Amino acid sequence: MQNKIALDKIKLLFYVTLPEIKKFIRDFHREMQKGLCGKKSSLKMIHTYLRRPTGAEKGRFLALDLGGTHFRVMLMELKGNGKTGACPVKTFVLKKKHTTGKGKALFAFLAGCIGAFMKEHKLDTQARYNVGFTFSFPVKKKDADSGVLIRWTKDFSASGVEGKDVVKLLNIALKESGITGAKITALLNDTVSTLVARSYTEPDCDVGVILGTGTNACYPEKNGEIINIEWGNFNKLRRTHCDREVDRRSGNPGEQFLEKMVSGMYLGEVIRCLAAELLPRIELPRGFKSEYVSVIEADTSKGLRKTDNLLKKVGIRGSKHRDRKLLKKACVMVSARAARLASAAIASVLTKMDPTLSRRHTVAIDGAVYEKHPCFSHRIRATLKEIFGKDARRIKLVLTKDASAKGAAVIAATR
Ligand code: BGC
């Protein structure tokens, strides 16, 4: 009985009510407005100096994508009419020494990857190539093809990069490795690439969202310029003691509050904290991955056998069925809250552009949390329905995979 009362209390703590969602939307609009006017706000509302493509763009372009655990290089052929040709891509794994070591070494590594890709595809390193560079961190921009890193997120901490123009740093590294022809003509965020990649084939698309290691979104303002919201830093939120603990232990305490409640990098950590309270007998290891959350929530096997196997894999033996049921509940509470908050953020962006939702909107979404979690996308749809009623039919959510690199190539073509 005591346990049941404790569990019900926690459930309430993690449940985001509809009035709370409505307040979220009002606060989000206020923060957007302040950010747009250059006032202090948790939403940076970064001007990108970029617009959506027309679909007519043509040619061969190089695309680079840095934003999480991998660096990708892609060569993409655009044929016009929203059509694309072959687009070979190579993915390089970033090690901790790259993401947390010296910035110079990180950029030298990136240049090395570009060189290896060009060699493999027999591209002349001296010939001119327009390059789009997707860099998925908050940058301050004054034009389309440069950007100063404001602050690393997602536990990157490579030294000597914050406060510097990342395009300059990459250009220096490219020159040093003998690649003289590649010209970075656009620097963009992964949300912008997602929006751009989708709108090349679907001109209705007007929101780009990432729900992956980190989270963020962008949309075109009234004049057509794409604004990178950097919504991961939204902070008008009701946080729990678990959120505070995760924040305290993170590499960037006091920042990215929404990201720490929604994105894949932190979901496992919030669950770990909650599980420590609900299941003191079981201590989940640090770095409890969000992939595990997907496995546990999808587990319908008898006695939650799959969850047991997973727990054994992370070194926890002898869990009881009762423990596993509680763990599954903890996963559901935390990830359902994440989906409701993500829906509230999407609803805020849509109603900023179209307060009465009088038009159709396509929201392009990329990221492992949206793609891989068994219930995330359904929960987002259900919450949008709760917020907008029948009008939610005007919102189309589309998974737009691998858009981070593709969008960079499309943008390079517009420059
Ligand atoms: C970064 C954003 C990025 C998002 C998704 C956040 O941590 O600040 O720039 O778009 O992650 O990758």
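Residues numbered from 1 in each chain as written. Predicted model: local features only at pLDDT ≥ 70, side-chain atom pairs only at ≥ 80, totals over all residues. Heavy atoms only, no water.

**Q** Please give an account of the sheet that holds strand 10 (residues 205–211) that cites residues and values.
**A** Sheet architecture is open: six strands sit in the order 1-12-11-10-13-14, paired in mixed fashion. Only two strands of the sheet have a single neighbouring strand rather than two, namely strand 1 (46–47) and strand 14 (395–399). Pairing of strand 13 (residues 361–366) with strand 14, which is carried by five bridges, proceeds in the parallel orientation. Bridge assignment links V363 to a residue of strand 14, and that residue is L397. In this fold helix 14 (residues 376–388) packs onto strand 10 and strand 14, with an angle of close to 165° to the strand it touches most, strand 14. (Pairing = 2+ DSSP bridges. Helix = DSSP H or I, 4+ residues; strand = E, 2+ residues; numbered from the N terminus. Contact = heavy atoms within 4.5 Å. Axes fitted to C-alpha atoms, helices over the stretch in contact; angles between N-to-C directions.)

**Q** Give a detailed account of the domain arrangement of the protein, specifying residues and quantitative values.
**A** Partitioning the protein into domains gives domain 1 (2–43 + 208–399) and domain 2 (49–201 + 403–413). For domain 1 versus domain 2, the separation of C-alpha centres amounts to 28 Å. Facing 28 residues of domain 1, the contacting portion of domain 2 comprises 20 residues. Between domain 1 and domain 2 lies a buried interface of about 1,900 Å² when both sides are counted; carbon and sulfur atoms form 59% of it. (Domains from an automatic or database assignment. Buried area = accessible area lost by both parts, 1.4 Å probe.)

**Q** Provide a residue-level description of helix 2 (residues 18–36), including the pertinent values.
**A** Side chains of residues three or four places apart in an α-helix project in the same direction, reflecting 3.6 residues per turn. Over its 19 residues, helix 2 runs 27 Å from end to end, which matches the ideal 27 Å to within 8%, given 1.5 Å per residue. Where helix 2 is buried, its residues contact strand 11 (215–220), helix 8 (257–262), helix 12 (321–353) and helix 14. One or two residues past the end of helix 2 sits G38, with phi positive at roughly 80°. (Expected span 1.5 Å × (residues − 1).)

**Q** With reference to specific residues and values, describe the site of the ligand.
**A** Around the ligand there are 15 residues in total, and T153, K154, N189, D190 and E230 lie nearest to it. One of the backbone N or O atoms of S136 is found 3.5 Å from an oxygen atom in the ligand. Here an oxygen atom of the ligand and a side-chain polar atom of D190 are 2.5 Å apart. In isolation the ligand has 310 Å² of accessible area, and contact with the protein removes 98% of it. Put simply, the parts of the chain that give the shell around the ligand at least two residues each are helix 6 (190–201) and strand 11. (Near = heavy atom within 4 Å. Polar contact = N/O pair within 3.5 Å; in protein donor to acceptor, adjacent residues only side chain to side chain. Areas by Shrake-Rupley, 256 points an atom, 1.4 Å probe, with all protein chains shown as cover.)

**Q** Before we move on, could you go through empty space enclosed by the protein and cite the residues and values that matter?
**A** The full count for this structure, using the stated rule, is two cavities of 30 Å³ or more. Estimated volume of the largest cavity: approximately 70 Å³. In terms of lining residues, the largest cavity is bounded by I46, T48, L50, F135, F137, V139, K141, L187, L188, N189 and N228. Along the lines of polarity and charge, the residues of the lining of the largest cavity split into seven nonpolar, three polar and one charged. Its volume calculated, the second largest cavity comes out at about 40 Å³. Around the second largest cavity, the lining residues are L62, L64, I114, V131, L170, L174, A182 and I184. Taken together, the elements giving at least two residues each to the lining of the second largest cavity come down to strand 2 (58–66), helix 5 (166–176) and strand 9 (182–188). Of the residues that constitute the lining of the second largest cavity, the class distribution is eight nonpolar, no polar and no charged. (1 Å grid on protein atoms, 1.4 Å probe; cavity = no way out; pocket = protein on both sides within 12 Å on 5 of 7 lines; lining within 4 Å. Points joined across faces, edges and corners; volume = space filled by probe spheres on them. Nonpolar A, V, L, I, M, F, W, Y, C, P; charged D, E, K, R; others polar.)

**Q** How would you summarise the packing of aromatic side chains if you had to cite specific residues and measurements?
**A** Enumeration according to the criterion identifies 11 aromatic pairs in this entry. Where F24 meets F234, the ring centres are 4.8 Å apart and the plane angle is 55°; that geometry is what we call tilted. With F24 in helix 2 and F234 in the loop between strand 12 (226–228) and helix 7 (241–249), this residue pair connects regions lying 210 residues apart in the sequence. Judged by its relative accessible area of 4%, F24 falls in the buried class. With a relative accessible area of 0%, F234 lands in the buried category. Three or more aromatic residues link up through ring pairs in this structure, and these residues are F133, F135, F137, W152 and F156. Its guanidinium or amino end placed over the ring of F137, K154 lies 4.7 Å from that ring's centre, counting from NZ or CZ. In this structure, R239 packs its charged tip against the face of F257, placed 3.7 Å from the ring centre. (Phe/Tyr/Trp six-rings, centres within 6.5 Å; stacked < 30°, edge-to-face > 60°. Buried < 20%, exposed > 50% of the residue type's maximum accessible area, 1.4 Å probe, protein only. Lys NZ or Arg CZ within 6 Å of the ring centre and 35° of its normal.)

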